[in-house]
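# Observations on the three-dimensional arrangement
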Amino acid sequence: YPEDQQEFLQTGVIDPLLDKGHHEVEVNLRRKSGENLFAHLSLSLLKDAQGRLQGMIGYALDITDPKQTQTALAQSEEKFRTIFQMNPVGLVVAALREGRILDVNGAFEEMTGRNRKALVGRTFSEIGVWPDPGRRRLEEELRRGTPLQDVETTIRTGSGEARDAVCSAEVIVIEGVSFAMWGWLDIPERKRLEQELRRSRDELETRVKE
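The following refers to the structure shown.

Calculation criteria
- Residues numbered from 1 in each chain as written.
- Predicted model: local features only at pLDDT ≥ 70, side-chain atom pairs only at ≥ 80, totals over all residues.
- Heavy atoms only, no water.
- Pairing = 2+ DSSP bridges.
- Helix = DSSP H or I, 4+ residues; strand = E, 2+ residues; numbered from the N terminus.
- Phe/Tyr/Trp six-rings, centres within 6.5 Å; stacked < 30°, edge-to-face > 60°.
- Buried < 20%, exposed > 50% of the residue type's maximum accessible area, 1.4 Å probe, protein only.
- Contact = heavy atoms within 4.5 Å.
- Patch = residues over 30% accessible without salt bridge, like charges linked within 9 Å, V, L, I, M, F, W, Y side chains within 5 Å.
- Areas by Shrake-Rupley, 256 points an atom, 1.4 Å probe, with all protein chains shown as cover.
- Salt bridge = Lys/Arg side-chain N within 4 Å of Asp/Glu carboxyl O.

## Looking at the pairing of strand 7 (residues 162-174)
Pairing geometry for strand 6 (residues 148-156) and strand 7, over seven bridges, is antiparallel. Among the inter-strand pairings, isoleucine 155 is bridged to a residue of strand 7, identified as arginine 163.

## Considering the packing of aromatic side chains
All told, the structure shown has seven aromatic pairs when counted by the stated rule. Plain terms: the ring middles of phenylalanine 108 and tryptophan 184 are 5.4 Å apart, the flat faces sit at 40° to each other, and that makes the pair tilted. Taken together, the residues phenylalanine 108 in helix 3 (residues 106-112) and tryptophan 184 in strand 8 (residues 177-186) connect sequence positions 76 residues apart. Plain terms: the ring middles of phenylalanine 124 and tryptophan 182 are 6.2 Å apart, the flat faces sit at 90° to each other, and that makes the pair edge-to-face. One end of the pair, phenylalanine 124, is in helix 5 (residues 124-127); the other, tryptophan 182, is in strand 8, with 58 residues separating them in the sequence. Note on accessibility: phenylalanine 124 and tryptophan 182 belong to one class, buried. An aromatic cluster is present here, built from Phe108, Phe124, Trp130, Trp182 and Trp184 joined pairwise through their rings.

## A look at the environment of leucine 41
By the secondary structure assignment, leucine 41 is in strand 2 (residues 36-47). For leucine 41, a relative accessible area of 7% translates into the label buried. Remark: the alpha-carbon pair of leucine 41 and valine 120, spanning 79 residues in sequence, is separated by 40 Å. Setting aside its immediate chain neighbours within four residues, leucine 41 contacts Tyr1, Val13, His23, Glu24, Val25, Val27, Tyr59 and Ala60.

## Digging into the pairing of strand 2
The pairing of strand 1 (residues 22-30) with strand 2 spans nine bridges and is classified as antiparallel. What sits directly across from valine 27, in strand 2, is alanine 39. The hairpin turn running from strand 1 into strand 2, its antiparallel successor, is five residues long, and glycine 34 in that turn takes a positive phi close to 100°. Pairing of strand 2 with strand 3 (residues 53-62) involves nine bridges; the strand directions are antiparallel. Across the sheet, lysine 47 pairs through a bridge with leucine 53, a residue of strand 3.

## A short note on a nonpolar patch on the surface
A grouping of Ile14, Leu18 and Leu53 is seen on the molecular surface, where their side chains present a nonpolar patch of about 250 Å² in accessible area. Residue position: isoleucine 14 is located in helix 1 (residues 6-20).

## Things to note about the environment of aspartate 150
Position of aspartate 150 among the secondary structure elements: in strand 6. Here aspartate 150 falls in the partly exposed class, since its relative accessible area comes to 35%. Spatially, the C-alpha atom of aspartate 150 lies 55 Å from that of proline 2, the residues being 148 residues apart in sequence.

Here it is as structure tokens:
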């Protein structure tokens, strides 16, 4: 056991084993080479015929590769969550078939004037956030596997205000289930971002010439 695991060895392995008579736990061990590994321990107390404690018996299973995969997956999910929430485009993840909303980001909450709690678990129709008559056609196109790009549409806020926006969408698969990733950008906001992009490009070109 590495030095920083000595306290855990006592409180997380030995104490529960003595208390319950058996214990299973994941631990961080160290090979002779100094390389760390993750292991699953299954331990039981060993007693003689009179019930006197003689020691313990068990096994250790090396789970380093699955643990590394699990860690990498958790890190990937965290990165996706950060990108999803920080994105200036209003994003919605919804079930592909019935259109029920799984998640939204802050930009979509701000755009529609509705909080996440009022959106998740409901459909666009139930909320009334997307009254555009062409919505069903776009949903059908997406279900047929056709990605949507910069389709002009209308979003209705919680106060009833209609806001012009462009919509894009693609199908994503999460644990074998298909979902729609919808993205909206206010047309005025899109024009502002395009102007900033052009200005940045012009400044870069000027600096390169200089």
